[in-house]
Amino acid sequence: MGKSLIITEKPSVAQEFAKVLRVSGRNDGYIENGEYVISWCVGHLVGLVYPESYDMKYKKWRLEDLPFLPKEYKYDVIDSVRKQYNIVHALLQREDIDRVYWAGDAGKEGQTIEENIRNFGGVREGMEELRVWIDSQTEEEILRGIKEAKPMSAYANLGKSGIMRTIEDYAMGINFSRVMSVKYGNLLNDAAGTRSYTAIAVGRVMTCVLGMVVIREREIRNFKETPFYRVIGRFTDAGVEAEWKAVEGSRYFESPLLYKENGFKEEKDALALIEELNGKQAKVKSIVKNIAKKRAPLLFNLAELQAECSKKFKISPDETLQVAQDLYEKKLTTYPRTDARVLSSAVAKEIGKNISRLKGFEPTTDFVEHIMQKRLYANIADTQYTDDSKVTDHYAIIPTGQLTELSGLTSLQRAVFELIVRRFLSIFYPPAEYENVKLVVDVDKESFFASSKVLKSEGYLQVANPPKKKSFEESNARILGKNTETADSTDENSTANGSNDEIVVNPKVMLELADKLKAGDEIACQGYNIKFGKTSPPKRYTSGSMVLAMENAGQLIEDEELREQIKGSGIGTSATRAEIIQKLVRIGYLNLNKKTQILTPESLGEMVFEVVYMTVPALLNPKMTANWEKGLDGITRGTVDFWEYRGKLESFIRKETEKMIAALKKGDKVVTIGGIYGVVSSTRESTVIVKVDDGTKIEFARTAISSVITDKSEKSAKADTSKTESVKADEEKKEESTQTNSEENK
């Protein structure tokens, strides 16, 4: 029996396989013993070639050569890794190797790397091809992956989807970047004052993200602060503050005098309400006491981890991804590039192993022991934290329990690891419990609302939140009744829709009232006052919130549970989102504040946005970009045909490219349908002013412009013009002759 070849995505992973399989014979570019040959890629070894590889004419960017949509896309070996490609290719042709295990990263990108090698150089006929799919790099998982490896054909659709994504990004980038750069590049560079010419960079996902940041920035710039006035009443001998709201039954329900249900547009109207209520009897409309439970959030996927790290540690998504990758390679956590936030049922059955091994991680030792002693993990497969339907390539990011490399972590790596461990352990703890009291007071058919919320049982919170210098009681002084200050309407968390803060009172007082009062009881009113509020502009995106918005097709949803419910096809993938943001910063389209992680557009980025907005506005629509992503997912699932998708893609690119080429701007040289040659002097909504050779300016309908020509074809265009006039004269003579003959025949 021949040897088995294993090809990993990078050298460090090859070393792990070699260690597990006891392979130690090191050669140039591979490791070999009597049973195994282990080699590796260095990321992509084969990729799409530049257009000039098809024809040197494409080296120069010209409108007449667009759209560029070859029938067959060409690939070649990437020069910087040619040596390693040759080694891998030679191994795939060896007669003494009967089987190859493709062991690249278990995801679409890893599959694409492998497919490109297979399609370009081929695999020796008769060699069996198997795919290793693992979730971590522990010895146990590597051995399982080899033992349970499936035929490469089982991943054919995933490979097709990865190849189509590459073609899509390539074709859109080449065509849209070239046509926009040729038509508007000089104008944009002059306006931006760039030191040297910068081409306009356009990408399917990148341009959409740029648009999201620019649009948000303009919303902030154009925001106009709106003041509003809230009416607050003080009730009972304890002086409980309650806020008036114009609910159904109120004289002001849906009144135009209101900014929203709890605020007047003008102070005089708030004062008028107080005047109406003064001296009127207050009664308890309702008072309700209940217990509310809050479960632990779902586990981390990459986007949620990036958002949390951006918030807690002020690091960018690409930095978080690097840390997560480091933890994965050190066998501390599972595969990081995942979209899932739950466990698979198979993993849930064995989850006790992951938990028990974490006893050696000092910050959470007590929690681990409690979970194991009480067997709190026993029914995890029957909870919301286990769901096979929500696991595609990989389950959520969790600790493996292997702690051999824990001592070698940097402080940041250790902090992120603790974050992952605490989120993981918290799902085995009971929900946090809050005791709520809600009071509604009625005064002359107008309603006032007050509420309080106090933490009764920490539940999962004791695991999820690392200890702070302050005690738990000090950290929660306000909700525990040790601080009776109420929130002001100008709180920094107010949104453009105005402050939604409820009046929060001392919980101890509210709990006492809940035991004493009942509906219908008359209570004292100590008077009314007005609280001034004002609207705030929408928040800028941070690198973390942008990743979440990309995951949810452009919607930034703050509520974690709601975000999970509406989750669908996003923009980009978990593997690419961080790099897209980083690229926009690198090419000068966006600015990233490293201290706050806030994203804002650079002037160059805003200009590119304007160009895209007036040429291919569809690229700025997150829903359209998400639909393309959904189509790619369809190829993976087998519900969308590869060639049908490519046909629609190329039709879109061709249509938009030709539309941009035909678009007119001042200075364009044009030929009309009637054969008149000239230069565009100015443009209007439906017409264009053309200056002809003798200096005369003529207004034409846009539909009368036959074509836009380049300098190179100017002579040809003039020749065509004179030729057109000559042909026209001949046709007129021919028509006259035909009419004469017709008369004679009569």
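Residues numbered from 1 in each chain as written. Predicted model: local features only at pLDDT ≥ 70, side-chain atom pairs only at ≥ 80, totals over all residues. Heavy atoms only, no water.

**Examining the overall build of the chain**
Helices and strands together make up the secondary structure of the chain, namely 23 helices and 25 strands. Scored against the burial criterion, the 746 residues of the chain give a buried share of 50%. Across the chain, contacts joining residues at least 24 apart in sequence account for 75% of those joining residues at least 6 apart. Entry remark: accessible area of the chain is about 36600 Å², with carbon and sulfur atoms responsible for 48%. (Helix = DSSP H or I, 4+ residues; strand = E, 2+ residues; numbered from the N terminus. Buried < 20%, exposed > 50% of the residue type's maximum accessible area, 1.4 Å probe, protein only. Contact = heavy atoms within 4.5 Å. Areas by Shrake-Rupley, 256 points an atom, 1.4 Å probe, with all protein chains shown as cover.)

**Observations regarding the pattern of salt bridges**
Pairing of side chains with opposite charge becomes possible as their charged atoms draw close. Here the structure, examined in full by the defined rule, presents 50 salt bridges. Linking Arg 118 and Glu 129 is a salt bridge whose minimum nitrogen-to-oxygen distance equals 2.6 Å. In this pair, Arg 118 sits in helix 3 (residues 108-121) while Glu 129 sits in strand 8 (residues 128-131), placing the two residues 11 residues apart along the sequence. Measuring nitrogen to oxygen at the nearest pair gives 3.7 Å for the salt bridge that ties Lys 648 to Glu 644. In this pair, Lys 648 and Glu 644 both sit in helix 22 (residues 642-662), four residues apart, roughly one turn of the helix. Here the salt bridges do not stand alone but share partners, grouping Glu 16, Lys 19, Lys 330, Lys 331 and Glu 405 into one network. (Salt bridge = Lys/Arg side-chain N within 4 Å of Asp/Glu carboxyl O.)

**Re unusual backbone geometry**
The phi angle of most residues is negative, glycine excepted, and most peptide bonds adopt the trans form. A cis geometry characterises the amide bond from Leu 66 onward to Pro 67, with omega recorded as 0 degrees. Summarising the element assignment, Pro 67 is placed in the loop between strand 5 (46-48) and strand 6 (75-77). Although it is not a glycine, Lys 331 sits at a positive phi angle of roughly 65 degrees. Following the sequence through the fold, Lys 331 ends up in the loop between helix 9 (317-329) and helix 10 (345-349). Take Lys 331: its relative accessible area is 9%, and that puts it in the buried class. A positive phi angle is found at Lys 445, which is not glycine, with a value near 70 degrees. Residue position: Lys 445 is located in the loop between strand 15 (432-443) and strand 16 (446-457).

**Considerations on the pairing of strand 10 (residues 227-235)**
Among the nine residues that make up strand 10, seven are buried, leaving the element largely enclosed by the rest of the structure. Bridge count between strand 10 and strand 18 (residues 525-534): nine bridges; the pairing is antiparallel. Across the sheet, residue Tyr 229 finds its bridge partner in strand 18, namely Phe 532. As judged from the four bridges shared by strand 10 and strand 11 (residues 240-245), these two strands associate in the antiparallel manner. Note on strand 11: the bridge partner recorded for Phe 235 is Val 240. (Pairing = 2+ DSSP bridges.)

**Re the packing of aromatic side chains**
Taken as a whole, this structure holds 22 aromatic pairs when the rule is applied. When the ring of Phe 176 is compared with that of Phe 652, the centres are 6.2 Å apart and the planes differ by 80 degrees; the resulting orientation is edge-to-face. Taken together, the residues span a long stretch of sequence, with Phe 176 in helix 5 (residues 156-192) and Phe 652 in helix 22 at a distance of 476 residues. On the basis of relative accessible area, Phe 176 is assigned to the buried category, the value being 0%. One aromatic cluster in this structure is built from Phe 176, Trp 628, Tyr 645 and Phe 652. One cation-aromatic arrangement involves Lys 453 over Tyr 434; the distance from NZ or CZ to the ring centre is 4.3 Å. (Phe/Tyr/Trp six-rings, centres within 6.5 Å; stacked < 30°, edge-to-face > 60°. Lys NZ or Arg CZ within 6 Å of the ring centre and 35° of its normal.)

**Structural notes on the nonpolar core**
Among the nonpolar cores identified, the biggest contains 66 residues, and Phe 176, Met 180, Ile 200 and Met 546 are the most heavily contacted of them. If we ignore the near neighbours within four places in the chain, the residues touching Phe 176 are Val 202, Leu 619, Phe 652, Ile 653, Glu 656, Thr 657 and Met 660. Core analysis: the second largest hydrophobic core is formed by 50 residues, Phe 300, Ile 397, Tyr 429 and Leu 461 among them. (Core = buried A, V, L, I, M, F, W, Y, C linked by side-chain atoms within 4.5 Å.)

**Quick word on the side chain of Arg 577**
Mapped onto the secondary structure, Arg 577 falls in helix 19 (residues 577-586). Setting aside anything within four residues of it in sequence, one finds Arg 577 in contact with Ala 303, Asp 339, Val 547, Met 550, Glu 551, Gly 570, Ile 571 and Gly 572.

**Focus: the sheet that holds strand 1 (residues 3-8)**
The strands making up a sheet associate through backbone hydrogen bonding, with each pair oriented either parallel or antiparallel. Pairing in this open sheet of seven strands is mixed, and the strands run 2-3-4-1-7-8-9 from one edge to the other. Two strands bound the open sheet, and with one partner strand each, they are strand 2 (26-27) and strand 9 (150-151). Here strand 1 pairs with strand 7 (residues 97-103) via six bridges, running parallel. When the sheet's bridge partners are listed, Leu 5 is paired in strand 7 with Val 100. Packing of helix 2 (residues 82-91) onto the sheet brings it into contact with strand 1, strand 3 (30-32), strand 4 (36-40) and strand 7, and relative to strand 4 it is tilted by some 150 degrees. (Axes fitted to C-alpha atoms, helices over the stretch in contact; angles between N-to-C directions.)

**Quick word on the confidence of the model for the chain**
Averaged over all residues, the pLDDT of the chain equals 87, while 87% of them reach at least 70. Considering only residues more than four positions removed or in separate chains, one finds that residues 711-746, a stretch of pLDDT under 50, has 16 contacts. (pLDDT = per-residue confidence, 0-100.)

**Side note on the packing of helix 8 (residues 302-313) against helix 13 (residues 411-426)**
At a closest axis distance of 11 Å, the pairing of helix 8 and helix 13 adopts a crossing angle of 125 degrees. The orientation of helix 8 relative to helix 13 falls into the category oblique. In the crossing of helix 8 with helix 13, the sense of the turn from one axis to the other is right-handed. Counted together, Leu 305, Glu 308, Cys 309, Lys 312 and Phe 313 of helix 8 and Leu 412, Ala 415, Val 416, Leu 419 and Ile 420 of helix 13 form the full contact between these two elements. (Parallel < 35°, antiparallel > 145°, perpendicular 65-115°, else oblique. Left-handed = near helix turned anticlockwise from the far one by under 90°.)

**Details of helix 3**
For helix 3, built from 14 residues, the straight-helix expectation of 20 Å at 1.5 Å per residue is met to within 8% by its first-to-last C-alpha distance of 20 Å. Among all positions of helix 3, only Lys 108, Gly 110, Gln 111, Thr 112, Ile 113, Glu 114, Glu 115, Asn 116 and Ile 117 are buried. Just past helix 3, the residue Gly 122 takes up positive phi, approximately 80 degrees. (Expected span 1.5 Å × (residues − 1).)

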